[in-house]
Every structure is written in C-alpha cells, then in structure tokens.
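Working through the structure, step by step
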Amino acid sequence: AKDEGGGEHFAYEPSLHASAEERRKLEFSLRRALERNEMSLNFQPVVDAHEETIVSFEALLRWNSQEHGFVPPDKFIPLAEDTRLIVPIGTWVLEQACLEATRWPRHVRIAVNVSGEQLIEPEFAASVIRALSQSGLEASRLEIEVTESIFLRDANIARAALEQVIALGCTVALDDFGTGYSSLGYLRKLSFSTIKVDRSFVQGAAQNSAESLAIIRAVVAMADSLEMTTTAEGVENAEEAELIRKLGCTKIQGYYFGRPMPAVEALSLFEDGGRL
Ligand code: C2E
Ligand code: CA
Ligand code: CA
Ligand code: CA
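Residues numbered from 1 in each chain as written. Chains lettered and ligands numbered in written order. Predicted model: local features only at pLDDT ≥ 70, side-chain atom pairs only at ≥ 80, totals over all residues. Heavy atoms only, no water.

1. Comments concerning the coordination of the calcium ion (ligand 2)
To be explicit about the condition: Only nitrogen, oxygen and sulfur atoms qualify as donors, provided they sit within 2.8 Å of the metal or within 3.2 Å for Na, K and Ca; with water excluded from the atoms, sites may seem incomplete. Put simply, DSSP marks the helices as runs of H or I at least four residues long and the strands as runs of E at least two long, and each gets a number from the N terminus on.
All of the protein donors around the calcium ion (ligand 2) are Glu58 (OE), Asn113 (OD1), Glu145 (OE) and Asp175 (OD); their distances to the metal are 2.2 to 2.3 Å. Along the chain, the residues that donate to the calcium ion (ligand 2) are spaced as E-x54-N-x31-E-x29-D. A gap of 4.0 Å separates the calcium ion (ligand 2) and the calcium ion (ligand 3), which aspartate 175 links by coordinating each metal. Taken as a pair, asparagine 113 in strand β4 (residues 109–113) and aspartate 175 in strand β6 (residues 171–177) lie far apart in primary sequence, 62 residues in all.

2. Focus: the confidence of the model for the protein
Using the following cut-off: Residue-level confidence of the predictor is what pLDDT reports, using numbers from 0 through 100. Contacts: residue pairs with any heavy atoms within 4.5 Å of one another.
Across the protein, the average pLDDT comes to 91, with 91% of residues at 70 or higher. Considering each helix and strand of the protein separately, the mean pLDDT is smallest for helix α7 (residues 183–186), with a value of 70, and largest for β4, with 99. Per-residue pLDDT stays below 50 along residues 1–8; that stretch engages in two contacts with residues further than four places along the chain or on separate chains. This complex was scored by the predictor with a pTM of 0.93 and an ipTM of 0.98.

3. Here we look at the coordination of the calcium ion (ligand 4)
Tetrahedral metal sites with four donors have an ideal angle of 109.5 degrees; octahedral sites with six donors have ideal angles of 90 or 180 degrees. Protein coordination at the calcium ion (ligand 4): the donors are Asp176 (OD) and Asp176 (OD), at 2.6 to 3.1 Å from the metal. The calcium ion (ligand 2) is placed at 5.9 Å from the calcium ion (ligand 4).

4. With respect to the site of ligand 1
For clarity, the cut-off: We call a residue near a molecule or strand when any one of its heavy atoms sits within 4 Å of it. We define a polar contact as two N or O atoms separated by no more than 3.5 Å, with the added condition that, inside protein, one atom must be a possible hydrogen donor and the other a possible acceptor, whereas residues neighbouring each other in sequence contribute only through side-chain atom pairs.
If you check the shell around ligand 1, you find 22 residues, and the closest are Gln44, Arg62, Ser115, Glu236 and Tyr255. Arginine 62 is positioned with one of its side-chain polar atoms (N or O) 2.9 Å from an oxygen atom of ligand 1. For ligand 1, a nitrogen atom lies 3.2 Å from a polar atom in the side chain of arginine 199. Mapped by element, the contributors of at least two residues to the shell around ligand 1 are β2 (54–65), α2 (73–82), α3 (86–101) and β6. Per-element accounting of the shell around ligand 1 gives the leading share, four residues, to β2.

5. So, the packing of aromatic side chains
Heads up, the condition is: Classification of ring pairs uses Phe, Tyr and Trp, with its six-membered ring standing for Trp, and accepts pairs whose centres are within 6.5 Å; under 30 degrees between planes counts as stacked, over 60 as edge-to-face, and the remaining range as tilted. Each residue is placed in one exposure class: buried if its accessible area under a 1.4 Å probe, protein chains only, is under 20% of its type's maximum, exposed if it is over 50%, and partly exposed if it falls in between.
Inspection of the entire model under this criterion finds six aromatic pairs. For the pair phenylalanine 57 and tryptophan 104, a centre-to-centre distance of 4.7 Å together with 45° between the ring planes defines the contact as tilted. One end of the pair, phenylalanine 57, is in strand β2; the other, tryptophan 104, is in the loop between α3 and β4, and 47 residues separate them in sequence. For the residue pair phenylalanine 57 and tryptophan 104, the accessibility class agrees, reading buried in each case.

6. Points about the environment of methionine 228
Checked against the element boundaries, methionine 228 lands in the loop between α9 (210–225) and β8 (229–232). For methionine 228, a relative accessible area of 8% gives the class buried. Sequence separation of methionine 228 and serine 200 is 28 residues, and the distance between their C-alpha atoms is 21 Å. When sequence neighbours within four positions are dropped, the list of residues in contact with methionine 228 reads Leu187, Phe192, Ser193, Ile195 and Ala223.

7. Some remarks on helix α6 (residues 155–168)
Cut-off, in case you're wondering: To estimate how far a helix should extend, the number of its residues minus one is multiplied by 1.5 Å. Our arc is simply the arc of the directions from the helix axis toward the C-beta atoms.
With 14 residues, α6 should reach 20 Å at 1.5 Å per residue; the first-to-last C-alpha distance of 20 Å fits that figure. Buried within α6 we find Ala155, Ala158, Ala161, Leu162 and Val165. Down the axis of α6, the sector holding all buried residues measures 135°, keeping them to one side. Of the residues in α6, the exposed ones pointing more than 90 degrees away from the buried face are Asn156 and Ala167.

8. Details of the pattern of salt bridges
The cut-off we apply is this: One side-chain nitrogen of Lys or Arg within 4 Å of one carboxyl oxygen of Asp or Glu is enough to make a salt bridge.
A complete count under the given rule lists 20 salt bridges for this structure. Glutamate 143 serves as the salt-bridge partner of arginine 109, at 3.7 Å between the closest nitrogen and oxygen. Of this pair, arginine 109 sits in strand β4 while glutamate 143 is found in strand β5 (residues 142–146), placing the two residues 34 residues apart along the sequence. Notably, a salt bridge pairs arginine 199 with glutamate 236, separated by 3.6 Å at the nearest N-O pair. Taken together, the residues span a long stretch of sequence, with arginine 199 in helix α8 (residues 199–206) and glutamate 236 in the loop between β8 and α10 (238–247) at a distance of 37 residues. By relative accessible area, which is 36% here, arginine 199 ends up partly exposed. Shared partners join several salt bridges into a network, and the residues in it are Glu58, Glu145, Lys196 and Glu233.

Structure representation (structure tokens):
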C-alpha cells in the first residue's frame, strides 16, 4: 500500500486505507490460523429429495481467530486464495473431512470445496490420495466441489487435476451453477456427477420467478440426460422443499434440513438411523 509521499495528488480515502490495513492484519492472523488450531469444519447435511434421508455432508470451513473473532468464509477464503494460503488450508480441510467421514455409515458421502488455486497445484492429486489413505476412506465416498471459475484460468491444468481424482474413484460436483459465466459450455469439459443449483434460483422459484423456474427445469432436464444428479442449495422451508422436489431435483441442501453443524452433532444424526 502506498502510505506516504505524493498523497496530496489524490483525495485521501480513509475507508480504502482502513480496509488495506485490515486485510494486512487478517493475513497476518490467517498465516498462523492452522498452527494455532483456529480452524474447524462444520458439516451440512444433503438429503435425498424424496426419501429425505442423509446422502452426504458438505464440509464448510470455520475460522475463529484470536485477534478477529469469528471471520466468515466469504471474507477469509478470497484472502486465502490471493495469498495461496488456501493450499495448506485446503489440504488440512481434505484430511479432516475424510477422517470425519469414516465415522459415518458407509453410504454417506463427504463433499469438500476446492479452490482453483488449490486445484492447479502439482501436488493436488497427491494430497487427495494422502487424505484418503491416511483416513482409510474409500475414494467413492469423496466428492470434490468446484465452481466454474476454475475454467477461467489454467483450464487444462484444472481439468487434468480433476480427471486424476475421478480416476481414483472420486466424483466432482459443479457448485453455484448458474451464477458464473457461460455456464453450459463447462459441462462438456468434464464428467461432473452433480450440478449444484445456486440458492438464488431456489429463492427465485419460490417467489414465482418464471425465469428461475425455467432455469431449474432446464438444468434438471439436462442433468437427467447427461446422467448427472442435481442438488438444490439453500432450501429454507417446507414450501421450497416441496417445490424443488416437484421440479425434479435429486438432492436438497439447506437450513430446512439442517444447518452446517459441528462434527459431533453431525455424527449424532445417525443415532436414529439417518432420518432428519
Ligand atoms: P458454498 O460452497 O456455496 O457453500 C454453501 C453456503 O451456503 C455455506 O455458507 C452455507 O452455510 C450456506 N447455506 C447452506 N444452506 C443455506 C440456507 O438454507 N440458506 C442460506 N442463506 N445459506 C445457506 P458458508 O459456510 O458461509 O460458506 C461460504 C462459502 O465459502 C462456500 O459457499 C464456499 O464457496 C466457501 N468455503 C467454505 N468452506 C470452504 C473450504 O473448505 N474450502 C474452500 N475453498 N471454500 C470454502
Ligand atoms: Ca460448495
Ligand atoms: Ca454452492
Ligand atoms: Ca458459493
């Protein structure tokens, strides 16, 4: 940051200055977060749209910082990506998530978010193999979630990395579908097993937006013909769940069926056989 000298040519912007300073502090703390044990994972259930039984959990990273308190992922993940801290953090997430999943019934899978920066590391596939072998989790129980943004840069490297983990037996989900760029084209680039329909469409559909309804119908039809499943994200109430089921989505995720929760709570859901 340009802090001193020549400043008189520009209007002083205290808010910009403050955010650069805040970012510097946040980065300082983020560098120490793993060794200080400040990171943890929450797990959010994904249910079968018809049976309403748990089919998987998505691992969601949480950071409780000594200096900054609870920092939301939308704030620290982009910073972790910019600084490449997402690489060691992402490796830790993979290992913890796989380990936790070994405590659940065999049919329940784990989904882990992976950033583009992490994916294009030459070590990515090796880190997946290590997470699987250390935990003893079957590869078929691990799903990697990526967004369309991975195809914007280094598309070939990203695709090759995902093909490696698919070869291991893992599956790949396309996250936040519809929010990105020229969405449809990306579906041809890789054999995704799941498309996650972004919460904005679920909300739109619930509010009777013809556009959102049409998009969900189109995604479901396309997924069916390509032998992919669909997960509707951000379903918050019974009405939305019913609508999504009618629209033909395969799986549902959202506060209505369960918020992201600590590992012990997730595990306790199986005490009554996995029904929510
Ligand atoms: P995402 O992958 O799209 O994750 C879903 C987000 O929606 C989560 O936010 C979740 O708590 C929230 N959510 C789930 N159900 C509902 C609902 O019914 N209503 C509403 N309003 N929200 C719902 P969260 O946990 O804050 O995570 C935000 C984003 O941070 C994630 O979006 C993902 O992009 C990123 N993220 C989280 N953990 C990781 C990680 O381990 N690695 C990477 N690379 N990114 C992560
Ligand atoms: Ca996700
Ligand atoms: Ca998502
Ligand atoms: Ca998202």
